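Residue strings, one per chain:
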Amino acid sequence: MTPTILIVDDDPAQRRLLEATIGRFGYRPRPVGSGEEAVRLLMPGRERVDAVLLDLTMPGLSGIDVLNQVRPTRPHLPILVFTAHGGIDVAVQAMRAGATDFMVKPVSADRLQIAIRQALRPGVADDLDGVAPRRGRPMPVTDILGDSRAIRAVLGLVARAANSTIPILIEGESGVGKELIARAIHARSDRAHGPLVTVNCGAIPENLVESILFGHEKGAFTGASERHIGKFQEASGGTLFLDEIGELRPDLQVKLLRALQAGEIDPVGSKQPVPIDIRLISATNRNLWDLVQTGQFRDDLYYRLNVFPIYVPPLRDRRDDILVLARHFIQRFEAAEGKRIRGLTEAAERLLTTYHWPGNVRQLENAIFRAVVLSDGDILDVEHFPQVQQAAYRANGFGDTALPGDYGAGPPVYAVPGGQPPLAPTPGGLAYPQAGGQMAPAPMPGTQMPGTQMPGTQMSGTQMPGGRPMLVAAGGGQPAPMMPQGFAQAPMPAPMPPAPQGPLPAAGLRPRDDEAEAPIRAFDEAGHIRPLEEIEADIIRMALRQYRGRVSEMARRLGIGRSTLYRKLRDLGLDGTD
C-alpha cells in the first residue's frame, strides 16, 4: 500500500509545492492547513497516516503544540518538522517534543526524500531516527537470530563484552544489525537497569550535533531560552550508543576524546564541566583506520574507541542465517498484515540463499515484508520477490528484459509484453496459446515461429546461468523477448548446436571476424550501475577496433568532435589514425 504523508502547513503555496513533490516521490500526499485539523485527523481510528510533515510556525495550534498533543497517542509515528526560523534552540525544542527530524526552509527535494525514506524504514518509527532515548527495552542475546558459525562467534564476544565496562566499537556494513548487538550488550550488562540512549551521528543536523550530545546552558547562544541536557547526561547510569561515529566532526571528536579521558563534558556555554557516568558503545559502517590514515578521524580517539572491537559479518558471509531470519520476519509480518503464511517454496528459498544481499538483514527484512503484502496465498514463491529476482539477474551482468529461471524450479523466464501467464513445459518443449485457447508446442530457440518471432532478434553467444544461450537484440547484446504473447519460458535443457560467439551487429555493420565484441556490461559484479567513465571507455575501445583506428569515422559515429575524441584516446592511452 502506498504510504500516506500528512502535510501540515498554513501556507497554501507551500502546501501545493509539498503536495506535488510528495506525489513525485511516489507517496500519497494528504495536505491540511492548520494544527487543529492535523490533531483531529491523527486521532486513533481516523485516517491512516504513515508520516507527517509539520510546519512549526502556524497561527493557532503551533507545530510544538501538535507534537505535544499527538505524541501521547501516536508515539511511533514519524513526524518531520520544518520551519523558516531554524535556530538551534527551536530545533532542540522540537526534537525533545518528539520530532523525528528537523529541516530548515527552503528544503531541497533530495533532503526531503532522504528524510522521508529514512522515517518510513521499518524500525525507525520506533526509535525516532535514532535520536530519542530508549529506556526499559531489554534485548537478550538469544533474540539475535542465526545458526552460522560467524554469528555464534559474534554472540560469544557480546557475552564477554557485557561483563566489562570498556568502550566497544561495533563494525560492519549498513543493515547487518549493529544496533541490535549494542542493545544486547546493554541488556546483559550490569547497567541494564539504566537507560540505553541511541544517537545516530549521521542523522542529526550538523549545527545541532554539539548541543544534542553535550547540551547547552540558557543564554549560551541566540535563541537558547532554556537549559538543555545533552545525550551524555541522559545516559547517566546507563549506556550511550553512538551510531555512525565516523560522521562526527573533527572538533566534536576532540570533545568526545576529553569526555572519555576525563569522565566529564563541557555543555555549550557552561563554565563548569559536568561529570558523566556512562558506558560507551560506538558503531560504524566505514573503515575508521582508513579515515585515520586520511586525517578525517583522530588516531587518539580511534584507539580509545577501538578497545574491544566486534565485527558483524555481512549476510552474504553467513548464508546459513538467511532462512532463519526469513522465517522470523514472515511470522512477524503475517501477524501485522493479518495473513497466514506457511513458509517459502524451494525455489524461493534458493533465490534468497543465493542472492548476495548488499543491504544485508535490513534488505532481507524489507523483501519479506513486501512479499507478505504481495502474497494472496499461504506460501511465498519466487514471484513474490520481483526486486530480488531482478537485482540478482543484473548482478550476473544481464539487462532488465529477462528474469533468471535458475532461481526457480524451471528454466529461464523471459519478461515480454502481453501479460500472459508463464507457459508450462511439455515433453516436446513449451506450449503457447493459439486462437480458441488451444495450446501448440513452441519451437526450439533460434527457429522461426510464425507470427511470434520478434523482429531483429538472433541467438547470442552470451549465456544464461547454467550455460543456456540467451536471445539478444540484433543491434548489440541486450536480452530481448522470445515470444510476444506474454511470459514465455525457454525450453527444458536439451542438446543445442553451438551459438555464434559475440553479438551479431545491426545490418550494414560487420565487426572484424578476429575480434568479435562481447556486450558492454551496464552493471558491476555487485549489481550496481557501472560509472559512465568506464562504460564510455569500453565504447571507445570497441569503436577503435570496429573502425580500425579511423578517428574521423569514429568521431562521426560516436557523435563527438575529433579533438574531443583525440583527448579521450590520449587519456585512455590509445592511439588512432586518419
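Visitor: Got a minute to help me understand the pairing of strand 11 (residues 239-243) in this structure?
Guide: Working note: regular strand, side chains alternate between the two faces of the sheet. Counting buried positions along strand 11 yields five of five residues, so the element is predominantly enclosed. Here strand 11 shows a buried face lined by Thr 239, Phe 241 and Asp 243 and a second buried face lined by Leu 240 and Leu 242. When strand 8 (residues 196-200) meets strand 11, the two strands line up parallel, connected through five bridges. Residue pairing for strand 11: Asn 200 is matched across the bridge by Asp 243.

Visitor: Whenever I open this one, the side chain of Glu 244 confuses me. Can you help?
Guide: Counting through the fold element by element, Glu 244 comes out in the loop between strand 11 and helix 11 (250-262). No salt bridge is formed by the buried Glu 244; the nearest opposite charge belongs to Lys 178, separated by 4.8 Å. What Glu 244 contacts, discounting residues up to four positions off in sequence, is Asn 200, Cys 201, Gly 202, Ala 283, Thr 284 and Asn 285.

Visitor: Could you clarify how one ought to interpret the environment of Asp 50 in this entry?
Guide: Turning to its location among the elements, Asp 50 is positioned in the loop between helix 2 (35-41) and strand 3 (51-55). Remark: the alpha-carbon pair of Asp 50 and Ala 119, spanning 69 residues in sequence, is separated by 9.2 Å. Reaching out from Asp 50, the side chain makes a polar contact with the backbone nitrogen of Thr 4 at a distance of 2.7 Å. A distance of 3.0 Å separates a polar atom in the side chain of Asp 50 from a polar atom in the side chain of Arg 48.

Visitor: Sorry, what's going on with the confidence of the model for the protein here?
Guide: Should the pLDDT be low somewhere, the predicted coordinates at that spot are not to be read in detail. Overall, the predicted model of the protein reaches an average pLDDT of 75, with 72% of residues at or above 70. In the model of the protein, strand 19 (residues 413-414) stands out as the element of lowest mean pLDDT, 37, in contrast to strand 7 (residues 168-171), which has the highest, 94. In the predicted structure, residues 123-142 sits below a pLDDT of 50 and forms 51 contacts with residues beyond four places in sequence or in another chain. Predicted confidence is poor over residues 398-516, with pLDDT under 50, and the contacts of this stretch with residues over four places away or in other chains come to 235 contacts.

Visitor: Could you clarify how one ought to interpret helix 19 (residues 551-558) in this entry?
Guide: Along an α-helix, residues three or four apart share an orientation, since each turn contains 3.6 residues. Regarding helix 19, the residues found buried are Val 551, Glu 553, Met 554 and Ala 555. Directly after helix 19, the chain includes Gly 559, whose backbone phi takes a positive value near 75°.

Visitor: Looking at this structure, I do not really get the pairing of strand 3. What am I missing?
Guide: Counted residue by residue, strand 3 has five buried out of five residues, so it is predominantly covered. The side-chain alternation of strand 3 yields two buried faces, one formed by Ala 51, Leu 53 and Asp 55 and the other by Val 52 and Leu 54. Here four bridges tie strand 1 (residues 4-8) to strand 3, and the two strands are oriented parallel to one another. Bridging from a neighbouring strand, Ile 7 pairs with Leu 53 of strand 3. When strand 3 meets strand 4 (residues 79-83), the two strands line up parallel, connected through four bridges. Looking at strand 4, one finds that Leu 53 is bridged to Leu 80.

Visitor: What's the story with the packing of helix 18 (residues 532-546) against helix 20 (residues 562-571) in this structure? I'm lost.
Guide: Axes are the key here: two packed helices are described by the angle between their axes and the distance separating the axes. The interhelical angle for the contact between helix 18 and helix 20, taken along N-to-C directions, is 105°, at an axis separation of 11 Å. The orientation of helix 18 with respect to helix 20, classified from their angle, is roughly perpendicular. Side by side, helix 18 and helix 20 meet where Glu 536, Ile 540 and Leu 544 of the first sit next to Leu 565, Lys 568 and Leu 569 of the second. Among the residues forming the contact of helix 18 with helix 20, the class breakdown is four nonpolar, no polar and two charged.

Visitor: Before we go on, may I ask you to explain the sheet that holds strand 2 (residues 28-32) in this structure?
Guide: Strand pairs in the sheet, formed through backbone hydrogen bonds, run parallel or antiparallel to each other. Reading across the sheet, the five strands line up as 2-1-3-4-5 and stay open at both edges, with parallel pairing between neighbours. The open sheet has two edge strands, strand 2 and strand 5 (101-104), and neither has a second partner. Each adjacent strand pair in this sheet contributes to an overall mean axis angle of 20°, direction not counted. Summarising the sheet, strand 1 and strand 2 pair through five bridges and their orientation is parallel. Along strand 2, the bridge assignment pairs Ile 5 with Pro 29. The sheet contacts of helix 3 (residues 63-70) involve strand 3 and strand 4, and relative to strand 3 the element is tilted by about 145°. Contacts from helix 5 (residues 109-120) reach strand 1, strand 3, strand 4 and strand 5 within the one sheet, and its direction differs from that of strand 5 by about 170°.

Visitor: Is there a simple way to explain the pattern of salt bridges in this structure?
Guide: Should the charged atoms of two oppositely charged side chains come close, the side chains can pair. Scanning the model with the defined rule gives 23 salt bridges in all. Notably, a salt bridge pairs Lys 231 with Glu 234, separated by 3.5 Å at the nearest N-O pair. Here Lys 231 pairs with Glu 234, and both are found in helix 10 (residues 231-234), just three residues apart, close to one helical turn. The salt bridge involving Arg 286 is made with Glu 247; its shortest N-O contact spans 3.3 Å. Of the two residues, Arg 286 sits in the loop between strand 14 (279-284) and helix 12 (288-293) while Glu 247 sits in the loop between strand 11 and helix 11, which places them 39 residues apart along the sequence. Accessibility expressed as a relative area gives 39% for Glu 247, which makes it partly exposed.

Procedures and definitions
Residues numbered from 1 in each chain as written. Predicted model: local features only at pLDDT ≥ 70, side-chain atom pairs only at ≥ 80, totals over all residues. Heavy atoms only, no water. Buried < 20%, exposed > 50% of the residue type's maximum accessible area, 1.4 Å probe, protein only. Helix = DSSP H or I, 4+ residues; strand = E, 2+ residues; numbered from the N terminus. Pairing = 2+ DSSP bridges. Lys, Arg positive; Asp, Glu negative; His and termini not counted. Salt bridge = Lys/Arg side-chain N within 4 Å of Asp/Glu carboxyl O. Contact = heavy atoms within 4.5 Å. Polar contact = N/O pair within 3.5 Å; in protein donor to acceptor, adjacent residues only side chain to side chain. pLDDT = per-residue confidence, 0-100. Axes fitted to C-alpha atoms, helices over the stretch in contact; angles between N-to-C directions. Parallel < 35°, antiparallel > 145°, perpendicular 65-115°, else oblique. Nonpolar A, V, L, I, M, F, W, Y, C, P; charged D, E, K, R; others polar.

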